[in-house]
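Residue-level listing of the chains:
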Amino acid sequence: MPGARWAHKASFAKVPKWDYDSAMRLIAVSHLKQFWEKHPPAEQALLSWASAIRAVEWAAPADIKAQFATASVLKSRRVVFNIKGNDYRLVAAVAYRFGCVYVKFIGTHREYDQIDADTVEMK
């Protein structure tokens with residue numbers, strides 16, 4: 001079936017058009033959508049964050065800090081992003097060599113306080 005490989009793109013009507021040739025690829029975007037469906041105030045902030053990720057090319061942690069000064073870079077190649085004025089936290093693993101950002105956790109500040117950002121995985 002031609003085009004079936006990317007058929008999932010149609011289910012994200014509110015997510016900006018994903019360009020699979022963009023600098024950084026965002027993996028597990030469905031988790032963002034699931035989260036903003038539960039927490040509608042997070043939607044615009046997550047859409048903005050996703051657009052910003054897709055428009056950059058990071059080669060090192062310093063590149064992330066230059067763009068997101070409040071982000072915390074962890075030793076495990078993970079980064080904690082503050083979303084919507086620190087109302088929410090997003091943990092992502094960054095594969096610089098492959099140009100991929102993998103969403104590992106998105107939650108409220110209270111939920112974030114209960115996880116280990118170095119090892120957390122999406123359920």
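Residues numbered from 1 in each chain as written. Predicted model: local features only at pLDDT ≥ 70, side-chain atom pairs only at ≥ 80, totals over all residues. Heavy atoms only, no water.

Caption draft 1: View of the overall build of the protein chain. Summing up its helical and strand segments, the protein chain has four helices and five strands in all. N-terminal to C-terminal, the α/β element order of the protein chain is β-α-α-α-β-β-β-β-α. Within the protein chain, the proportion of its 123 residues that are buried is 39%. The long-range fraction of contacts in the protein chain, counting pairs at least 24 apart against all pairs at least 6 apart in sequence, stands at 43%. (Helix = DSSP H or I, 4+ residues; strand = E, 2+ residues; numbered from the N terminus. Buried < 20%, exposed > 50% of the residue type's maximum accessible area, 1.4 Å probe, protein only. Contact = heavy atoms within 4.5 Å.)

Caption draft 2: Local environment of the pattern of salt bridges. One pass over the full model with this rule turns up four salt bridges. The residue Arg78 makes a salt bridge to Glu121 at a minimum N-O spacing of 2.9 Å. With Arg78 in strand S3 (residues 78-83) and Glu121 in the segment after helix H4 (109-112), this pair connects stretches of sequence that are 43 residues apart. The residue Glu121 makes a salt bridge to Lys104 at a minimum N-O spacing of 3.0 Å. With Glu121 in the segment after H4 and Lys104 in strand S5 (residues 100-108), this residue pair connects regions lying 17 residues apart in the sequence. For Glu121, a relative accessible area of 45% corresponds to the partly exposed category. (Salt bridge = Lys/Arg side-chain N within 4 Å of Asp/Glu carboxyl O.)

Caption draft 3: Spotlight on helix H2 (residues 43-54). Given a rise of 1.5 Å per residue, 12 residues ought to cover 16 Å, and the 17 Å separating the end C-alpha atoms of H2 matches this to within 8%. Taken together, the buried positions of H2 are Glu43, Leu46, Leu47, Trp49, Ala50 and Ile53. For H2, the angular spread of buried residues about the axis comes to 160 degrees, placing them on one side. Check the buried side of H2 and you find it contacts strand S1 (25-27), helix H1 (29-38), S3, strand S4 (88-95) and S5. (Expected span 1.5 Å × (residues − 1). Arc of directions from axis to C-beta.)

Caption draft 4: Quick peek at the nonpolar core. Formed by 28 residues in total, the largest nonpolar core has its most connected members in Leu26, Leu32, Leu46, Trp49, Trp58, Phe81 and Leu90. With five residues, the single largest contributor to this core is H2. (Core = buried A, V, L, I, M, F, W, Y, C linked by side-chain atoms within 4.5 Å.)

Caption draft 5: Layout of unusual backbone geometry. Although it is not a glycine, Ala28 adopts a positive phi angle of roughly 75 degrees. Tracing the chain through its elements places Ala28 in the loop between S1 and H1. You will see that Asn86, though not glycine, has its phi angle at about 75 degrees, which is positive. Along the chain, the position of Asn86 falls in the loop between S3 and S4. A relative accessible area of 28% places Asn86 in the partly exposed class.

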